[in-house]
Amino acid sequence: MSDSVETAAAAAPAPASPIHAGQSGPGQNGPGQSGTVVRSTVIRRLFKNPLGIVAMTILTVISLLALLAPVLAPFDQNYANIAKTLADPDSVNILGTDSAGRDVWSRLLYGAQLTLLSALLCAGVAIAIGLPAGLIAGYYAGKFEAVSNWVVGILMSLPGLIVLLTIRAAFGPSVWMSMIAFGILISPSYFRLTRTAVQSVRNELYVDAARVSGLSDLSIIARHIFSVVRAPIIIQTAAIAGVAIAIQSGLEFLGLGDPTKATWGVMLSEGFKNVYLNPTLLFWPALAMALTIGALVLLGNAIRDALEDGEKIKHRKKKAMRESSTAAPVAARPTRKSTAAVVPGTEHHLVKVTNLGVGYPQADGSIKKVVDDVSFHVDRGEILGIVGESGSGKSQTAFSILGLLPDNARIVAGSIQFDGSYTVAPGEERVSQERLSKLRGKRISYIPQEPMSNLDPAFTIGYQLVTPMVRVLGISKAEARKRALKLLTDVGIANPERTFNAYPHEVSGGMAQRVLIAGAISCEPDLVIADEPTTALDVTVQADVLDLLRELQQRLNIGVILVTHNFGVVADLCDRVAVMQNGRLVEEGSVRDILRNPQEPYTQTLLASMLEGKEPMSMLVSAGQKESVA
Amino acid sequence: MIRFIAKRLGSGLVVLLVVSALTFFLLYMSSGSIARNILGDQASAEQVAMKEHELGLDEPLVARYLAWVGDALSGNLGASWFSSEPVANSLATRIPVTMTMVFAAMILIAICAALIGVAAAVKRGWVDRMVQVGAIIGDSVPGFVIGVILVTLLAIQLGLFPATSTISPDAGADAWVYSMALPVIALLINGVTGGAQQIRSAVIKQLERDYVRTLRSRGIGEREILFKHVLRSAAPAGLTVLSLQLIGMLGGVVIIEQIFALPGMGPLAVTATGQSDLPVVMGVVMYTVVVVIVVNLLVDILNGWLNPKVRVS
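Heads up: these notes are all about the structure in this document.

Basis of the calculations
Residues numbered from 1 in each chain as written. Chains lettered and ligands numbered in written order. Predicted model: local features only at pLDDT ≥ 70, side-chain atom pairs only at ≥ 80, totals over all residues. Heavy atoms only, no water. Phe/Tyr/Trp six-rings, centres within 6.5 Å; stacked < 30°, edge-to-face > 60°. Helix = DSSP H or I, 4+ residues; strand = E, 2+ residues; numbered from the N terminus. Buried < 20%, exposed > 50% of the residue type's maximum accessible area, 1.4 Å probe, protein only. Lys NZ or Arg CZ within 6 Å of the ring centre and 35° of its normal. Axes fitted to C-alpha atoms, helices over the stretch in contact; angles between N-to-C directions. Parallel < 35°, antiparallel > 145°, perpendicular 65-115°, else oblique. Left-handed = near helix turned anticlockwise from the far one by under 90°. Contact = heavy atoms within 4.5 Å. Nonpolar A, V, L, I, M, F, W, Y, C, P; charged D, E, K, R; others polar. Pairing = 2+ DSSP bridges.

**Notes on the packing of aromatic side chains**
Here's step 1: Scanning the entire structure with this criterion turns up 12 aromatic pairs over all chains.
Here's step 2: With 5.5 Å between their ring centres and 45° between their planes, Phe-25 of chain B and Tyr-65 of chain B make a pair best called tilted. Note that Phe-25 of chain B is positioned in helix α1 (residues 2–30) and Tyr-65 of chain B in helix α4 (residues 61–73), a separation of 40 residues in sequence.
Here's step 3: The class for Tyr-65 of chain B is buried, based on a relative accessible area of 9%.
Here's step 4: Ring geometry for Tyr-28 of chain B and Trp-81 of chain B: centres 6.2 Å apart, planes at 80°, overall edge-to-face. Here Tyr-28 of chain B, found in helix α1, pairs with Trp-81 of chain B, found in the loop between α4 and α5 (87–123); they are 53 residues apart in sequence, far enough to count as distant. Like Trp-81 of chain B, Tyr-28 of chain B is buried.
Here's step 5: Chaining the aromatic ring pairs together yields one cluster made of Phe-24, Phe-25, Tyr-28, Tyr-65, Trp-68 and Trp-81 of chain B.
Here's step 6: In this arrangement the basic side chain of Arg-481 of chain A is found over the ring face of Phe-500 of chain A, its NZ or CZ atom lying 4.8 Å from the centre.
Here's step 7: For the cation-ring pair, Arg-232 of chain B lies above Phe-459 of chain A, with the distance from its terminal atom to the ring centre recorded as 5.1 Å.

**What to know about the packing of helix α11 (residues 265–275) of chain B against helix α12 (residues 278–306) of chain B**
All names here are of chain B.
Here's step 1: At a minimum axis distance of 9 Å, the contact between α11 and α12 shows a crossing angle of 140°. In terms of orientation, α11 and α12 fall into the oblique class. Handedness of the crossing formed by α11 with α12: left-handed. In this structure, α11 contributes Met-265, Leu-268, Ala-269, Ala-272 and Thr-273 to the contact, and α12 contributes Val-280, Val-281, Val-284 and Tyr-287.
Here's step 2: Partitioning the contact of α11 with α12 into residue classes produces 8 nonpolar, 1 polar and no charged.

**Concerning the sheet that holds strand β10 (residues 584–590) of chain A**
Sheet strands pair via backbone hydrogen bonds, and the direction of the pair is either parallel or antiparallel.
All names here are of chain A.
Here's step 1: Ordered in space as β6-β7-β8-β3-β9-β10, the 6 strands form an open sheet in which the pairing is mixed. For this open sheet the edge positions go to β6 (444–447) and β10, each flanked by a neighbour on one side alone. Neighbouring strand axes in the sheet, compared pairwise and without regard to direction, differ in orientation by 15° on average.
Here's step 2: Two strands pair when backbone bridges link them, and strand β3 (residues 383–387) and strand β8 (residues 559–564) are joined in this way by 5 bridges, in the parallel orientation. Residue pairing for β8: Ile-386 is matched across the bridge by Val-563.

Shape is all these values report; function is a separate question.
Here it is, written out as structure tokens:
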């Protein structure tokens, strides 16, 4: 099992990764199947999913019935007993007869045969066209991609049934002809899926490695890329087979199919004509259709779920493993108190986080902790740095203070107080939105990491600066506009009018980050939480933004929590620093103490990894400054 | 914006030309002896040759296509080979019937799917589960089967609605709406189930965007975030979903009209197809392509209006 987790984790991020290295086709996974462990876990999950089992059972039964139609059917599909029309079920005709005296059961079986074969033909044609075209377009791009995109655009914009009517008018009634045509028409769905998947892995490292090691394009496609698109194609095929059955039946229902063949569509049409005489004639073909298409839809969903669950379980396993390796030295947590008043003597802290624990409930009922027993405080006019690698819980801690944790997050322990009152009282499971919505924007604000994705692309920068001031401070739009322009000047934007009227996509990343900083201080907060405010920026811009933060912080005397993974930034800006690892607070103290004399091995490792090959310890602070600039 | 529309319109015309040429050549090259087909087996070779000459079938294919394009530009799409009725006339009497139904269904789909989809995305819980189950059922039962079931249960078994809807709007709005209710319902069920699910995913995707969190951190209320920011960003995806549904519905409505015996495009298309009445088939295809192009153009314009990035470039 751990093997499978490893392999899956090493595979590409595409949804198909869990079946990455499988050797055999999708349906051939018996117990003796060698393949890989990864693939068999997907298949095993599929077999554990009750809906998946139901779907596979239905499809297997219908396929068997179709295959054995010549044996099982008591009559030929067109054998008509004119003396016995529209008969009720009896021992000879177990489902009765239609208006021409033909046996309903026999026709259903032969109909299944034709329906399934035509769906297979359609999917086959669509794959035969869409897959290679998608591979070529995705792998080589260029003109071929442009042309095929244009063709795809046309094909996708034509309603299937109208095209099939045209084909019928041109070629006469033929199930095969119409299914080939529909296969061509629907091939863009494979084309798009393949192209997207190929584009996403084309520049993956392992494909580069294969190219460098001299593999030909063909074998790269065959070995690396084909394996990525296989699972999405299986899911897509289930969906397309269903659509093909529906449209083929529709055509036959209109009386445009081959009259010599028994199909579910023809039977439905026949039943509808006799709906006043014998409505049950409608029931059987409709049921057969709904069962088959429904089973295909469910099967597609079940495969998708199996793949997605694989990703989830993989994630969880990795995190759980990491946690168990560090969870051993748990300090005794003080018992929860139910009092609403904060601990006396702590009121003067701007923010005080006490023994905070944040966790996420898991499918098996347990709670996975991402923040555990974290305590610190921030005072007015002070910058606290929270340092740690990604996944150390530093952002989760910051979002708990903001009250912006994801919906499924739980506060599992501890408390948070802001300016002398609780935002999370001891024993509360969630951050109180009622309390925080009054604080957010007005007293606590936030500077995000990635500037571009944190501005709404559909609104001007001015609008996004003005609205919070109007809502939070209750000032007029004109007043807010004046202040916004002033703020933009304050954050070092040369032409504030132009930026004010610009849409986010019209400014650079550095400027967008200045805009976000302007937004964060616009309502004169007491506390700013900055989550890696410089990580996404160019190095030269980073230094400017840090200078700006420091200048604003000193001028406005605000408290700042600066979340970062960069000790250079800490050395440059912070008064105190808290080091986090795996959701726990490792060490906390003044920047000078921690940088000069780190007590914990983890802090030492972090610092050593930063300063490798640099000057000796006495130069640490200036080396850190260089780090932030360089 | 005007250049943007002109460009879209131009590419739409190219598509129209390409599809008309493909359809024309496909139809006229593949279907065996058209004149023999029209006159029946009894006709003599002479009669067949005369008929071919009469229909202009003895001329080269390309010349015939160019002649067709020329006529089409002046509004003449030829006449049916069987009823001799001008194709343009048949289309003019039938398109309103079909389009009324399609647009009524589309408006209802847009409203219902948006309401349900947004509710499922925001509230989650049971609404969300209903939407998921509904989508599976909607995917499993083809629209025309739903139509057949509705007629059988509601019209024939229970007698709640008329089984056929040949009442014209002249008969009074009440009666007409009542008679059109069932076909429109049959047409919109799949659209609502599928649309709601896709709109739900689009809204959830937007709710998870970074800027939503930042808006919250700025003290903007949940309601304003949802209605002003999230829905606006999710709208292009929703529009695309709805436009694809409308295009698909042009096919679905053919079967629904057949089931409810409505005098729309459906019966015309089906009869023409069955008889290989090629001028009428050409006309049906052209009408379809024009509707598709207009819908796509409208969606492009709306998206340009919603998304400043498109509007500027």
